[in-house]
Amino acid sequence: MRCIECGREYDENELRYRCDCGGLLEVVTDLERAEDVFDGKNVTLWKYESWLPVRKRVSLNEGGTPLYRLSNLERELGVELYAKNEGANPTGSFKDRGMTVGVSKALELGMDKVICASTGNTSASLAAYAAKAGIKAYVLVPSGKIALGKLAQAIIYGARVVPVKGNFDDALRVVVEASAKLGVYMLNSINPFRLEGQKTIALEIYDQLGFVPDNVVLPVGNAGNISAIWKGFKELYEKGITDELPRMIGIQAEGAAPLARAWKAKKPFEPVENPETVATAIRIGNPANWPKAWRAVEESGGLFESVSDGEILRAQELLASREGLFVEPASAAPLAGLMKLLESGELDRGESYVLVTTGHGLKDPNVVVNRFTLPKPIEPTLEAFREVMK
Ligand SMILES: Cc1ncc(COP(=O)(O)O)c(C=O)c1O
Ligand SMILES: N[C@@H](CCOP(=O)(O)O)C(=O)O
(Lines give C-alpha, C1' and ligand atoms only; values in the text may rest on other atoms or scores of the structure.)
(Ligands and ions follow the chains in the order given, each with its own letter.)
Protein backbone atom coordinates (compact mmCIF):
# COMPACT_ATOMS: atom_id res chain seq x y z
CA MET A 1 0.00 0.00 0.00
CA ARG A 2 1.22 3.51 -0.77
CA CYS A 3 0.12 6.87 0.66
CA ILE A 4 -1.27 9.16 -2.03
CA GLU A 5 0.03 12.22 -0.14
CA CYS A 6 3.59 11.42 1.00
CA GLY A 7 4.33 8.23 -0.96
CA ARG A 8 5.23 6.16 2.13
CA GLU A 9 4.75 2.45 1.56
CA TYR A 10 3.28 -0.16 3.91
CA ASP A 11 3.13 -3.94 3.77
CA GLU A 12 -0.10 -5.26 2.28
CA ASN A 13 -0.75 -7.33 5.39
CA GLU A 14 -0.44 -4.46 7.84
CA LEU A 15 -3.82 -3.70 9.36
CA ARG A 16 -4.23 -0.02 8.57
CA TYR A 17 -6.47 2.23 6.49
CA ARG A 18 -4.47 5.48 6.41
CA CYS A 19 -0.87 6.63 6.37
CA ASP A 20 0.72 8.00 9.54
CA CYS A 21 0.57 11.40 7.80
CA GLY A 22 -3.23 11.04 7.55
CA GLY A 23 -3.21 10.47 3.78
CA LEU A 24 -5.37 7.90 2.01
CA LEU A 25 -3.68 4.66 0.94
CA GLU A 26 -3.82 2.92 -2.41
CA VAL A 27 -2.83 -0.58 -3.37
CA VAL A 28 0.20 -0.73 -5.67
CA THR A 29 -0.71 -3.23 -8.39
CA ASP A 30 1.94 -5.63 -9.62
CA LEU A 31 1.49 -4.91 -13.33
CA GLU A 32 4.09 -7.54 -14.22
CA ARG A 33 1.61 -10.13 -12.96
CA ALA A 34 -1.44 -8.55 -14.63
CA GLU A 35 -2.48 -10.50 -17.74
CA ASP A 36 -3.94 -9.25 -21.01
CA VAL A 37 -7.25 -11.12 -20.89
CA PHE A 38 -9.29 -8.54 -22.80
CA ASP A 39 -10.99 -10.58 -25.52
CA GLY A 40 -14.57 -9.43 -24.82
CA LYS A 41 -15.58 -12.95 -23.73
CA ASN A 42 -16.82 -14.48 -20.46
CA VAL A 43 -16.69 -11.21 -18.56
CA THR A 44 -16.88 -11.63 -14.77
CA LEU A 45 -14.96 -9.86 -12.02
CA TRP A 46 -12.66 -12.79 -11.32
CA LYS A 47 -11.58 -12.92 -14.96
CA TYR A 48 -9.24 -10.11 -13.83
CA GLU A 49 -7.81 -12.05 -10.89
CA SER A 50 -4.25 -11.28 -11.99
CA TRP A 51 -5.02 -7.55 -11.52
CA LEU A 52 -6.31 -8.07 -7.97
CA PRO A 53 -4.35 -8.18 -4.68
CA VAL A 54 -5.98 -11.19 -2.97
CA ARG A 55 -5.58 -14.96 -3.22
CA LYS A 56 -8.62 -16.08 -1.24
CA ARG A 57 -11.99 -15.72 -2.93
CA VAL A 58 -15.35 -15.08 -1.26
CA SER A 59 -17.60 -14.77 -4.28
CA LEU A 60 -21.27 -14.55 -5.21
CA ASN A 61 -20.46 -14.32 -8.95
CA GLU A 62 -20.20 -10.56 -9.08
CA GLY A 63 -19.29 -8.41 -12.07
CA GLY A 64 -19.91 -9.28 -15.70
CA THR A 65 -22.70 -6.70 -15.62
CA PRO A 66 -24.36 -5.69 -18.90
CA LEU A 67 -23.11 -2.73 -20.88
CA TYR A 68 -26.21 -1.47 -22.65
CA ARG A 69 -26.27 0.76 -25.69
CA LEU A 70 -28.94 3.35 -24.85
CA SER A 71 -30.19 3.61 -28.42
CA ASN A 72 -33.40 5.56 -27.70
CA LEU A 73 -31.82 8.21 -25.48
CA GLU A 74 -28.87 8.33 -27.84
CA ARG A 75 -31.13 9.56 -30.63
CA GLU A 76 -32.68 12.21 -28.37
CA LEU A 77 -29.35 13.47 -27.02
CA GLY A 78 -27.22 13.09 -30.14
CA VAL A 79 -24.34 11.29 -28.41
CA GLU A 80 -22.94 7.75 -28.38
CA LEU A 81 -24.39 6.50 -25.11
CA TYR A 82 -23.94 3.38 -22.97
CA ALA A 83 -24.91 2.31 -19.45
CA LYS A 84 -22.80 -0.05 -17.37
CA ASN A 85 -25.59 -1.55 -15.30
CA GLU A 86 -24.18 -2.30 -11.88
CA GLY A 87 -27.66 -3.03 -10.54
CA ALA A 88 -27.16 -6.48 -12.08
CA ASN A 89 -24.66 -7.47 -9.37
CA PRO A 90 -25.69 -10.10 -6.77
CA THR A 91 -27.00 -7.61 -4.18
CA GLY A 92 -27.96 -5.02 -6.79
CA SER A 93 -25.10 -2.55 -6.67
CA PHE A 94 -21.44 -2.01 -7.57
CA LYS A 95 -20.49 -2.47 -3.92
CA ASP A 96 -20.35 -6.23 -4.51
CA ARG A 97 -17.18 -5.74 -6.55
CA GLY A 98 -15.56 -4.08 -3.57
CA MET A 99 -16.88 -6.59 -1.06
CA THR A 100 -15.80 -9.74 -2.89
CA VAL A 101 -12.22 -8.46 -2.68
CA GLY A 102 -12.61 -6.72 0.70
CA VAL A 103 -14.14 -9.69 2.52
CA SER A 104 -11.58 -12.03 0.90
CA LYS A 105 -8.89 -9.72 2.30
CA ALA A 106 -10.55 -9.82 5.73
CA LEU A 107 -10.19 -13.63 5.71
CA GLU A 108 -6.56 -13.41 4.55
CA LEU A 109 -5.90 -11.11 7.51
CA GLY A 110 -7.64 -13.54 9.87
CA MET A 111 -10.43 -11.10 10.76
CA ASP A 112 -13.75 -12.58 11.88
CA LYS A 113 -15.71 -9.35 12.31
CA VAL A 114 -16.35 -6.68 9.68
CA ILE A 115 -17.98 -3.27 9.91
CA CYS A 116 -19.19 -0.41 7.75
CA ALA A 117 -21.19 2.80 7.84
CA SER A 118 -23.72 2.95 5.07
CA THR A 119 -26.43 4.81 3.25
CA GLY A 120 -27.72 1.35 2.33
CA ASN A 121 -25.88 -0.42 -0.47
CA THR A 122 -22.58 -0.94 1.31
CA SER A 123 -24.44 -2.50 4.24
CA ALA A 124 -26.49 -4.81 2.00
CA SER A 125 -23.38 -5.95 0.20
CA LEU A 126 -21.17 -6.36 3.27
CA ALA A 127 -23.93 -8.31 5.00
CA ALA A 128 -24.20 -10.74 2.05
CA TYR A 129 -20.46 -11.36 1.66
CA ALA A 130 -19.96 -11.71 5.41
CA ALA A 131 -22.76 -14.30 5.42
CA LYS A 132 -21.05 -16.20 2.61
CA ALA A 133 -17.71 -16.03 4.46
CA GLY A 134 -19.29 -17.06 7.77
CA ILE A 135 -18.12 -13.98 9.67
CA LYS A 136 -19.99 -11.35 11.70
CA ALA A 137 -21.03 -8.03 10.10
CA TYR A 138 -21.94 -4.81 11.91
CA VAL A 139 -23.57 -2.12 9.79
CA LEU A 140 -24.20 1.42 11.05
CA VAL A 141 -26.88 3.31 9.14
CA PRO A 142 -28.37 6.80 9.45
CA SER A 143 -31.62 6.24 11.34
CA GLY A 144 -34.72 6.62 9.13
CA LYS A 145 -32.71 7.60 6.05
CA ILE A 146 -32.06 4.33 4.31
CA ALA A 147 -34.12 2.91 1.46
CA LEU A 148 -36.45 0.07 2.38
CA GLY A 149 -35.00 -2.56 0.03
CA LYS A 150 -31.47 -2.01 1.28
CA LEU A 151 -32.54 -2.24 4.92
CA ALA A 152 -34.40 -5.48 4.19
CA GLN A 153 -31.27 -6.90 2.55
CA ALA A 154 -28.97 -6.10 5.48
CA ILE A 155 -31.46 -7.64 7.93
CA ILE A 156 -32.11 -10.87 6.05
CA TYR A 157 -28.42 -11.51 5.30
CA GLY A 158 -27.98 -11.54 9.07
CA ALA A 159 -25.94 -8.41 9.76
CA ARG A 160 -26.23 -6.62 13.08
CA VAL A 161 -28.00 -3.46 11.87
CA VAL A 162 -27.29 -0.45 14.08
CA PRO A 163 -29.29 2.72 13.37
CA VAL A 164 -27.37 5.87 14.30
CA LYS A 165 -28.86 9.21 15.35
CA GLY A 166 -27.19 11.29 12.68
CA ASN A 167 -26.21 11.10 9.03
CA PHE A 168 -23.76 8.86 7.13
CA ASP A 169 -20.80 11.07 8.00
CA ASP A 170 -21.58 10.68 11.73
CA ALA A 171 -21.87 6.91 11.37
CA LEU A 172 -18.57 6.70 9.49
CA ARG A 173 -16.77 8.53 12.31
CA VAL A 174 -17.92 5.86 14.76
CA VAL A 175 -16.92 3.07 12.37
CA VAL A 176 -13.42 4.49 11.87
CA GLU A 177 -12.95 4.63 15.64
CA ALA A 178 -14.39 1.16 16.17
CA SER A 179 -12.06 -0.32 13.55
CA ALA A 180 -9.07 1.23 15.32
CA LYS A 181 -10.08 0.15 18.83
CA LEU A 182 -12.45 -2.82 18.74
CA GLY A 183 -10.79 -5.35 16.43
CA VAL A 184 -13.32 -5.13 13.58
CA TYR A 185 -12.20 -4.88 9.96
CA MET A 186 -13.55 -1.78 8.23
CA LEU A 187 -14.95 -2.21 4.76
CA ASN A 188 -15.93 1.27 3.76
CA SER A 189 -14.15 2.64 0.73
CA ILE A 190 -11.32 4.15 2.80
CA ASN A 191 -10.14 0.54 2.73
CA PRO A 192 -7.94 0.46 -0.40
CA PHE A 193 -8.52 -3.27 -0.98
CA ARG A 194 -12.23 -2.62 -1.45
CA LEU A 195 -11.47 -0.11 -4.19
CA GLU A 196 -9.36 -2.71 -6.01
CA GLY A 197 -12.53 -4.72 -6.58
CA GLN A 198 -14.33 -1.65 -7.87
CA LYS A 199 -11.60 -0.81 -10.38
CA THR A 200 -12.81 -3.83 -12.38
CA ILE A 201 -15.65 -1.62 -13.67
CA ALA A 202 -13.00 0.05 -15.85
CA LEU A 203 -11.51 -3.29 -16.92
CA GLU A 204 -14.96 -4.58 -17.89
CA ILE A 205 -15.94 -1.43 -19.79
CA TYR A 206 -12.79 -1.76 -21.88
CA ASP A 207 -13.24 -5.52 -22.30
CA GLN A 208 -16.88 -5.15 -23.39
CA LEU A 209 -16.50 -2.11 -25.64
CA GLY A 210 -13.13 -3.00 -27.12
CA PHE A 211 -12.11 0.65 -26.73
CA VAL A 212 -11.85 3.32 -24.04
CA PRO A 213 -14.85 5.66 -24.08
CA ASP A 214 -14.25 9.42 -24.22
CA ASN A 215 -16.14 9.95 -20.96
CA VAL A 216 -17.27 7.95 -17.94
CA VAL A 217 -20.08 9.63 -16.00
CA LEU A 218 -21.03 8.46 -12.50
CA PRO A 219 -22.64 9.51 -9.22
CA VAL A 220 -20.34 10.62 -6.43
CA GLY A 221 -21.09 10.11 -2.73
CA ASN A 222 -18.22 8.95 -0.53
CA ALA A 223 -16.12 9.34 -3.70
CA GLY A 224 -14.48 5.91 -3.74
CA ASN A 225 -15.91 4.59 -6.98
CA ILE A 226 -14.74 7.42 -9.22
CA SER A 227 -11.23 6.98 -7.77
CA ALA A 228 -11.34 3.21 -8.28
CA ILE A 229 -12.55 3.37 -11.87
CA TRP A 230 -9.90 5.94 -12.73
CA LYS A 231 -7.24 3.67 -11.18
CA GLY A 232 -8.48 0.82 -13.37
CA PHE A 233 -8.19 2.85 -16.57
CA LYS A 234 -4.77 4.17 -15.57
CA GLU A 235 -3.49 0.63 -14.97
CA LEU A 236 -4.71 -0.49 -18.40
CA TYR A 237 -2.82 2.46 -19.83
CA GLU A 238 0.34 1.87 -17.78
CA LYS A 239 0.36 -1.81 -18.73
CA GLY A 240 0.30 -0.70 -22.39
CA ILE A 241 -3.02 -2.38 -23.15
CA THR A 242 -4.72 0.91 -24.03
CA ASP A 243 -3.34 4.19 -25.29
CA GLU A 244 -6.35 6.29 -24.31
CA LEU A 245 -7.83 7.45 -21.03
CA PRO A 246 -11.40 8.64 -20.45
CA ARG A 247 -12.52 11.88 -18.86
CA MET A 248 -14.07 11.21 -15.44
CA ILE A 249 -17.29 13.17 -14.86
CA GLY A 250 -18.55 13.08 -11.26
CA ILE A 251 -22.17 14.00 -10.53
CA GLN A 252 -23.44 14.93 -7.08
CA ALA A 253 -26.89 15.84 -5.79
CA GLU A 254 -27.30 19.58 -5.25
CA GLY A 255 -28.02 19.17 -1.52
CA ALA A 256 -24.92 17.01 -0.98
CA ALA A 257 -22.39 18.44 -3.40
CA PRO A 258 -19.19 19.48 -1.62
CA LEU A 259 -16.98 18.39 -4.53
CA ALA A 260 -19.07 19.94 -7.30
CA ARG A 261 -19.39 23.13 -5.31
CA ALA A 262 -15.65 23.51 -4.72
CA TRP A 263 -14.84 22.52 -8.30
CA LYS A 264 -17.18 25.02 -9.88
CA ALA A 265 -16.26 27.87 -7.53
CA LYS A 266 -12.54 26.98 -7.91
CA LYS A 267 -12.34 27.01 -4.13
CA PRO A 268 -10.85 24.54 -1.61
CA PHE A 269 -12.95 21.54 -0.62
CA GLU A 270 -15.31 22.09 2.31
CA PRO A 271 -17.75 19.53 3.73
CA VAL A 272 -21.51 20.15 3.62
CA GLU A 273 -22.93 20.15 7.16
CA ASN A 274 -26.45 18.81 6.62
CA PRO A 275 -26.59 16.96 3.31
CA GLU A 276 -30.07 16.32 1.92
CA THR A 277 -31.31 14.68 -1.27
CA VAL A 278 -33.91 12.20 -2.52
CA ALA A 279 -30.94 10.13 -3.73
CA THR A 280 -30.21 8.72 -0.25
CA ALA A 281 -27.26 6.64 -1.53
CA ILE A 282 -25.26 9.82 -2.12
CA ARG A 283 -26.56 11.83 0.84
CA ILE A 284 -23.00 12.42 2.05
CA GLY A 285 -21.56 15.78 3.11
CA ASN A 286 -17.96 14.84 3.84
CA PRO A 287 -16.77 12.28 1.27
CA ALA A 288 -13.90 10.35 2.83
CA ASN A 289 -12.15 9.80 -0.52
CA TRP A 290 -12.44 13.35 -1.77
CA PRO A 291 -8.67 13.85 -2.36
CA LYS A 292 -8.54 10.73 -4.57
CA ALA A 293 -11.68 11.76 -6.44
CA TRP A 294 -10.41 15.29 -6.98
CA ARG A 295 -7.19 13.90 -8.49
CA ALA A 296 -9.12 11.50 -10.72
CA VAL A 297 -11.14 14.34 -12.17
CA GLU A 298 -8.20 16.72 -12.44
CA GLU A 299 -5.80 14.19 -14.01
CA SER A 300 -8.41 12.97 -16.49
CA GLY A 301 -9.43 16.47 -17.60
CA GLY A 302 -12.97 15.80 -16.34
CA LEU A 303 -15.27 17.78 -14.09
CA PHE A 304 -17.75 17.66 -11.21
CA GLU A 305 -21.35 18.82 -11.62
CA SER A 306 -24.41 18.81 -9.40
CA VAL A 307 -28.07 18.18 -10.26
CA SER A 308 -31.32 18.89 -8.45
CA ASP A 309 -33.60 16.19 -7.02
CA GLY A 310 -36.13 17.06 -9.74
CA GLU A 311 -33.52 16.46 -12.45
CA ILE A 312 -32.56 13.15 -10.83
CA LEU A 313 -36.16 11.89 -10.72
CA ARG A 314 -36.79 12.96 -14.32
CA ALA A 315 -33.66 11.09 -15.42
CA GLN A 316 -34.75 8.02 -13.44
CA GLU A 317 -38.05 8.06 -15.31
CA LEU A 318 -36.30 8.52 -18.67
CA LEU A 319 -33.97 5.56 -18.15
CA ALA A 320 -36.90 3.35 -17.23
CA SER A 321 -39.45 4.54 -19.78
CA ARG A 322 -37.08 4.94 -22.77
CA GLU A 323 -34.57 2.18 -22.12
CA GLY A 324 -36.25 -0.33 -19.80
CA LEU A 325 -33.58 0.33 -17.20
CA PHE A 326 -34.88 0.83 -13.63
CA VAL A 327 -32.20 2.33 -11.43
CA GLU A 328 -32.28 3.89 -7.99
CA PRO A 329 -32.24 7.72 -7.82
CA ALA A 330 -28.48 8.11 -7.24
CA SER A 331 -27.83 6.03 -10.34
CA ALA A 332 -29.92 8.38 -12.46
CA ALA A 333 -27.77 11.36 -11.45
CA PRO A 334 -25.22 10.68 -14.25
CA LEU A 335 -27.89 10.95 -16.97
CA ALA A 336 -29.25 14.12 -15.33
CA GLY A 337 -25.73 15.54 -15.21
CA LEU A 338 -24.95 14.58 -18.79
CA MET A 339 -28.13 16.26 -20.05
CA LYS A 340 -27.31 19.40 -18.10
CA LEU A 341 -23.72 19.52 -19.35
CA LEU A 342 -24.69 18.88 -23.00
CA GLU A 343 -27.26 21.66 -22.73
CA SER A 344 -24.74 24.11 -21.27
CA GLY A 345 -22.17 23.11 -23.91
CA GLU A 346 -19.62 21.97 -21.31
CA LEU A 347 -19.70 18.48 -22.85
CA ASP A 348 -19.54 17.65 -26.56
CA ARG A 349 -22.25 15.86 -28.51
CA GLY A 350 -19.74 14.18 -30.82
CA GLU A 351 -18.27 11.96 -28.08
CA SER A 352 -18.95 8.61 -26.41
CA TYR A 353 -20.32 8.43 -22.86
CA VAL A 354 -20.63 5.51 -20.45
CA LEU A 355 -23.04 6.15 -17.58
CA VAL A 356 -22.35 3.97 -14.56
CA THR A 357 -25.79 3.08 -13.23
CA THR A 358 -24.70 2.03 -9.78
CA GLY A 359 -27.76 0.48 -8.09
CA HIS A 360 -31.03 -1.31 -8.88
CA GLY A 361 -34.31 0.64 -8.82
CA LEU A 362 -36.12 -1.93 -6.69
CA LYS A 363 -33.94 -1.01 -3.74
CA ASP A 364 -35.92 2.19 -3.27
CA PRO A 365 -39.51 1.53 -4.41
CA ASN A 366 -40.99 4.27 -2.19
CA VAL A 367 -39.42 7.03 -4.25
CA VAL A 368 -41.45 5.82 -7.23
CA VAL A 369 -44.75 4.85 -5.62
CA ASN A 370 -44.90 8.09 -3.65
CA ARG A 371 -44.59 10.10 -6.88
CA PHE A 372 -47.34 8.45 -8.89
CA THR A 373 -50.98 7.82 -7.95
CA LEU A 374 -52.74 4.77 -9.34
CA PRO A 375 -56.16 5.32 -10.94
CA LYS A 376 -59.30 4.07 -9.13
CA PRO A 377 -59.95 0.30 -9.56
CA ILE A 378 -62.31 -0.67 -12.39
CA GLU A 379 -65.12 -3.24 -12.40
CA PRO A 380 -63.82 -6.66 -13.55
CA THR A 381 -65.56 -6.42 -16.96
CA LEU A 382 -64.47 -5.97 -20.55
CA GLU A 383 -66.74 -2.92 -20.80
CA ALA A 384 -64.96 -1.15 -17.99
CA PHE A 385 -61.59 -1.92 -19.54
CA ARG A 386 -62.81 -0.76 -22.98
CA GLU A 387 -63.49 2.63 -21.35
CA VAL A 388 -59.93 2.70 -20.04
CA MET A 389 -58.54 2.05 -23.52
CA LYS A 390 -60.42 4.97 -25.07
C1 LIG B 1 -26.21 3.49 -5.72
C2 LIG B 1 -25.02 4.31 -5.38
N3 LIG B 1 -24.54 5.13 -6.31
C4 LIG B 1 -23.46 5.90 -6.05
C5 LIG B 1 -22.82 5.88 -4.85
C6 LIG B 1 -21.64 6.74 -4.66
O7 LIG B 1 -20.45 6.00 -4.73
P8 LIG B 1 -19.17 6.53 -4.00
O9 LIG B 1 -19.50 6.59 -2.55
O10 LIG B 1 -18.14 5.53 -4.29
O11 LIG B 1 -18.89 7.88 -4.54
C12 LIG B 1 -23.30 5.03 -3.83
C13 LIG B 1 -22.67 4.97 -2.50
O14 LIG B 1 -21.95 5.82 -2.08
C15 LIG B 1 -24.40 4.22 -4.12
O16 LIG B 1 -24.88 3.39 -3.21
N1 LIG C 1 -23.50 4.82 -0.78
C2 LIG C 1 -22.64 4.21 0.14
C3 LIG C 1 -21.99 5.13 1.10
C4 LIG C 1 -20.77 4.49 1.72
O5 LIG C 1 -19.76 4.50 0.81
P6 LIG C 1 -18.51 3.53 0.83
O7 LIG C 1 -18.21 3.32 -0.59
O8 LIG C 1 -17.47 4.21 1.60
O9 LIG C 1 -18.89 2.25 1.49
C10 LIG C 1 -23.44 3.11 0.80
O11 LIG C 1 -24.05 2.35 0.08
O12 LIG C 1 -23.46 2.99 2.01
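Residues numbered from 1 in each chain as written. Chains lettered and ligands numbered in written order. Predicted model: local features only at pLDDT ≥ 70, side-chain atom pairs only at ≥ 80, totals over all residues.

A.B. asks: If you had to explain the site of ligand 1 to someone new, which residues and values would you point to?
C.D. replies: Neighbouring ligand 1 are 18 residues; Gly 221, Asn 222, Asn 225, Thr 358 and Gly 359 lie closest to it. When contributions to the shell around ligand 1 are tallied by element, the ones reaching two or more residues are α8 (224-238) and α12 (329-343). A class-by-class count of the residues in the shell around ligand 1 yields 6 nonpolar, 11 polar and 1 charged. Residue assignment places the shell around ligand 1 across two domains, with domain 1 (67-92 + 194-369) and domain 2 (94-190) each supplying three or more. (Near = placed C-beta within 6 Å. Helix = DSSP H or I, 4+ residues; strand = E, 2+ residues; numbered from the N terminus. Nonpolar A, V, L, I, M, F, W, Y, C, P; charged D, E, K, R; others polar. Domains from an automatic or database assignment.)

A.B. asks: Provide a residue-level description of the site of ligand 2, including the pertinent values.
C.D. replies: Contacts to ligand 2 come from 14 residues, most closely from Ser 118, Asn 121, Thr 122, Ser 189 and Asn 222. Looking at side-chain class alone, the shell around ligand 2 contains 3 nonpolar, 10 polar and 1 charged residues. Per-domain counts for the shell around ligand 2 show at least three residues from each of domain 1 (67-92 + 194-369) and domain 2 (94-190).

A.B. asks: Describe the domain arrangement of the protein, naming the residues involved and giving the relevant values.
C.D. replies: The domain architecture assigned to the protein consists of domain 1 (67-92 + 194-369) and domain 2 (94-190). Here the C-alpha centroids of domain 1 and domain 2 sit 23 Å apart. Taken together, the contact between domain 1 and domain 2 spans 31 residues of the former and 28 residues of the latter. Of all the elements in the fold, those that place two or more residues in the side of domain 1 that touches domain 2 are α6 (192-198), α7 (200-209), α8 and α13 (365-369). The dominant element in the side of domain 1 that touches domain 2, judged by the number of residues it contributes, is α6, at 5 residues. (Contact = placed C-beta atoms within 7 Å.)

A.B. asks: Break down the packing of α8 against helix α10 (residues 290-300) for me, with residues and values.
C.D. replies: In contact at an axis separation of 8 Å, α8 and α10 are set at 45 degrees when each is read in the N-to-C sense. It follows from the interaxial angle that α8 and α10 lie oblique. Remark: the crossing between α8 and α10 carries left-handed chirality. Contacts between α8 and α10 involve Ile 226, Ser 227 and Trp 230 from the first element and Lys 292, Ala 293, Ala 296 and Ser 300 from the second. Here the residues of the contact of α8 with α10 sort into 4 nonpolar, 2 polar and 1 charged. (Axes fitted to C-alpha atoms, helices over the stretch in contact; angles between N-to-C directions. Parallel < 35°, antiparallel > 145°, perpendicular 65-115°, else oblique. Left-handed = near helix turned anticlockwise from the far one by under 90°.)

A.B. asks: Please set out the nonpolar core residue by residue, giving values where relevant.
C.D. replies: Val 114, Leu 126, Ala 127, Val 139, Leu 259 and Ala 333 are the most contacted members of the largest nonpolar core, which has 111 residues in total. Here this core gets 7 residues from one element, more than from any other, and that element is α12. Residues lining this core come from more than one domain, with at least three contributed by each of domain 1 (67-92 + 194-369) and domain 2 (94-190). Leaving out residues up to four positions away in the same chain, Leu 259 has contacts with Val 220, Ala 223, Gly 250, Gln 252, Phe 269, Pro 287, Trp 290, Ala 293, Trp 294 and Phe 304. (Core = buried A, V, L, I, M, F, W, Y, C linked by C-beta atoms within 7 Å. Buried ≥ 20, exposed ≤ 12 C-beta atoms within 10 Å, placed from the backbone.)

A.B. asks: Let's hear about the sheet that holds strand β3 (residues 67-69): which residues, and what values?
C.D. replies: In space, the 6 strands of this open sheet follow the order β3-β4-β12-β9-β10-β11, with mixed pairing throughout. The open sheet has two free edges, formed respectively by β3 and β11 (303-307), since each of these has just one partner strand. Taken over all neighbouring pairs, the strand axes of this sheet differ in orientation by 25 degrees on average, direction set aside. In the sheet, strand β4 (residues 80-85) pairs with strand β12 (residues 352-357) via 6 bridges, with the strands oriented parallel. Residue pairing for β12: Glu 80 is matched across the bridge by Ser 352. The strands that helix α9 (residues 258-265) touches are β10 (247-253) and β11; relative to β11, the one it contacts most, it runs at about 120 degrees. (Pairing = 2+ DSSP bridges.)

A.B. asks: Requested: an account of unusual backbone geometry, with residues and values cited.
C.D. replies: Even without being a glycine, Asn 42 presents a positive backbone phi close to 45 degrees. By C-beta crowding, Asn 42 is classed as exposed, having 9 other C-beta atoms within 10 Å.

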